[in-house]
Every structure is written in C-alpha cells, then in structure tokens.
Amino acid sequence: MARRQTYGLLGRVLGHSFSQAYFTDKFARDGVDAEYLNLELPDISGLGALLAAHPSLRGFNVTIPYKQAVMPLLHSLDASAVEVGAVNVVSVLPDGSLRGYNTDASAFACSLGHLLEGRAMPSRALVLGTGGASLAVNAALRRMGVEPCAVSRTASAGRLNYDDLTPEIVRAATLIVNTTPLGMWPDTGSAPQLPYDAITPAHACFDLVYNPDPTLFMRQCAARGAAVASGLEMLHLQAEASWAIWQNADR
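Not measured: the values here are computed from a predicted model.

J.: So what about the overall build of the protein? Which residues, and what values?
T.: Within the protein, the secondary structure is distributed over eight helices and twelve strands. Scaling as 2.2 N^0.38, a compact globule of 251 residues should have a C-alpha radius of gyration of about 18 Å, and the protein matches this with 19 Å. Projected onto the principal axes, the alpha-carbon positions of the protein cover approximately 65 × 40 × 30 Å. A buried classification covers 51% of the 251 residues belonging to the protein. Split by element, the accessible area of the protein, about 11200 Å² in all, is 54% carbon and sulfur. Separation of charge centres in the protein, based on 18 positive and 22 negative side chains, amounts to 1 Å.

J.: How would you summarise the packing of aromatic side chains if you had to cite specific residues and measurements?
T.: In total, this model carries twelve aromatic pairs according to the counting rule given. Summarising the aromatic geometry, the rings of Phe 23 and Tyr 36 are spaced 4.5 Å apart at their centres and angled 10° between planes, so their arrangement reads as stacked. Here Tyr 36 lies in strand β2 (residues 34–40) and Phe 23 lies in helix α1 (residues 19–30), a separation of 13 residues in the sequence. Phe 23 sits in the buried class, given a relative accessible area of 1%. Classification of Tyr 36 as buried rests on a relative accessible area of 2%. Ring centres of Phe 27 and Trp 243 lie 5.2 Å apart, and the angle between their planes is 50°; this geometry places the pair in the tilted category. One end of the pair, Phe 27, is in helix α1; the other, Trp 243, is in helix α8 (residues 232–248), with 216 residues separating them in the sequence. Like Trp 243, Phe 27 is buried.

J.: Describe the nonpolar core, naming the residues involved and giving the relevant values.
T.: Within the largest apolar cluster, 25 residues are counted, with the highest numbers of intra-cluster contacts made by Phe 108, Leu 112, Leu 141, Phe 206 and Leu 208. Those elements that provide at least two residues to this core are α4 (104–115), β7 (124–128), α5 (132–143), β10 (175–178), β11 (204–207) and β12 (227–229). For this core, the element with the most residues is α5, which contributes six residues. If near-sequence neighbours (up to four positions away) are discounted, Leu 141 is found in contact with Phe 108, Leu 112, Ala 125, Val 127, Val 146, Pro 148 and Leu 175.

J.: Could you give me a rundown of the pattern of salt bridges, with the residues and numbers involved?
T.: Throughout the structure, instances matching the rule amount to ten salt bridges. Taking the shortest distance from any N to any O, the salt bridge between Arg 29 and Asp 30 comes out at 3.9 Å. Of the residues examined, Asp 30 reaches a relative accessible area of 42% and is grouped as partly exposed. Between Arg 143 and Glu 83 there is a salt bridge, with the nearest N and O atoms lying 2.7 Å from each other.

J.: A description of the pairing of β10 should follow, citing residues and the corresponding values.
T.: Where burial is concerned, the two faces of β10 agree: the one with Leu 175 and Val 177 and the one with Ile 176 and Asn 178 are both buried. Looking at chain direction, β7 and β10 are connected through four bridges and run parallel. Residue pairing across strands places Ala 125 opposite Leu 175, the latter belonging to β10. Two strands pair when backbone bridges link them, and β10 and β11 are joined in this way by four bridges, in the parallel orientation. Residue Ile 176 lies in a different strand from β11, and its bridge partner there is Cys 205.

About the cut-offs
- Residues numbered from 1 in each chain as written.
- Predicted model: local features only at pLDDT ≥ 70, side-chain atom pairs only at ≥ 80, totals over all residues.
- Heavy atoms only, no water.
- Helix = DSSP H or I, 4+ residues; strand = E, 2+ residues; numbered from the N terminus.
- Rg over C-alpha atoms; globule rule 2.2 N^0.38 Å.
- Buried < 20%, exposed > 50% of the residue type's maximum accessible area, 1.4 Å probe, protein only.
- Areas by Shrake-Rupley, 256 points an atom, 1.4 Å probe, with all protein chains shown as cover.
- Lys, Arg positive; Asp, Glu negative; His and termini not counted.
- Charge placed at Lys NZ, Arg CZ, Asp CG, Glu CD.
- Phe/Tyr/Trp six-rings, centres within 6.5 Å; stacked < 30°, edge-to-face > 60°.
- Core = buried A, V, L, I, M, F, W, Y, C linked by side-chain atoms within 4.5 Å.
- Contact = heavy atoms within 4.5 Å.
- Salt bridge = Lys/Arg side-chain N within 4 Å of Asp/Glu carboxyl O.
- Pairing = 2+ DSSP bridges.

Below, the structure is given as structure tokens:
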C-alpha cells in the first residue's frame, strides 16, 4: 500500500503559522489523501534526521529562520531561488534529492499590486528587516521598478538603522514593507520603531505578518490614513504556488 503523502512547514517555532490549517482544509476540500505537518527544528543541522523520520515527505515550506540557512543543504536550486537568494519551498524529488524554490517574491508582487491599485507606483520603498523574507521583497520590488532601501537594527553599508529614520525620510518613502516578525502572535504589542506621525494618506504600508491581522504596525499606519495590507493573501498565493511545484515535480 502506498504511503500517504506528507508535506509540511519547516521552522524553529511554528505556533503562529496558519499554513497547516490552510493545507489541511485544502486537502479535505479537494479530496487529497495527504497530511501537512508542522516540522519544528531547533537547529537546521537536524534536517537530515528530520527527513529520515518522515520518509513519505514529498515537499515542505520553509519559514523563519531557515530560508537562507537551508540552501547549502539542498542539491539544486530553481532560478527563482537563485534570483532571490532565499528558499521558501523545497521539493523532495523521487531520488531523494532536495530542490529549492522561492514563491514568496511572486506572491508578494501580486498582493502588493492589489494594495497599490489606483495609486502611482512609488520609486522607493523602505524595507524593514534584512532576513530571508526581505530578499524576496527586494527582488519583487526591483522587478516592479521600485528601489528598496533596507532598514536594520544594526548599521552597515547600504542600509539604514532605525534611528536614522527621520520624519523626512519616512514621508518621502510612500511604500513601507515590514518583513520582520515584530507584532507577530504572541508578541502582538510590538511594532517596528518608526516616526509614525510622518505616515500620511499617500503611504501604502504592507506587513508580511498575518497573525494577527491587523498588526499594531498596520493599525498605527491606518490611523494616519495609509492604505494597509497584511501578509495573509501573500501566504495563500505562495501556498498555492508551492502546491503546484510539488504536484509538477518529476515523479
């Protein structure tokens, strides 16, 4: 008897994630005999043992903090992952090799397009955070002709520190994207350190966090008249793209 198909989400702490519920509902709705597991891993070095413990695993998503750390452990990379420099989808091929993809960039671009509908495309965006998710955002923004400006807790060449964010800088950048986990459940009372009074109705503010929805970042921006969006639509879009990849893998 064939093993039941198994998929999952790889990350360090996954209590906040909606992915398992999304795929469980999808499998039930579409009549797919499969399960989707939360694959919590305290250190990426344990990936081999995790795979051995789940021999029916056909693919998995990757989240914080492993989108870059997983790459050296993969056998091949799709062009999407090479372009972004981060992986959020892995397909387990029939020979047991692992191939990495990135669906975050295209999902973000689509969702951002909905947020900006009827607005002029900004020339510059503040991207809060410099982790694996920010790489997908940066790639998508550049494809759309928007120059990302990185904002990090630590100063370095080519990026701003949060203390550098003057009201003038924030007013001039009418697109702000939060790629950090600040505000994510259960730490719902936190938000990126910004001069929020510089936010205006001309701003569009996108938060990749989707639990809760809205986040404190979104609420503070919306209170100043900005258009806001969470990462929930992006989650759904990248999940469907992940499923297409897994189903189209050479078997």
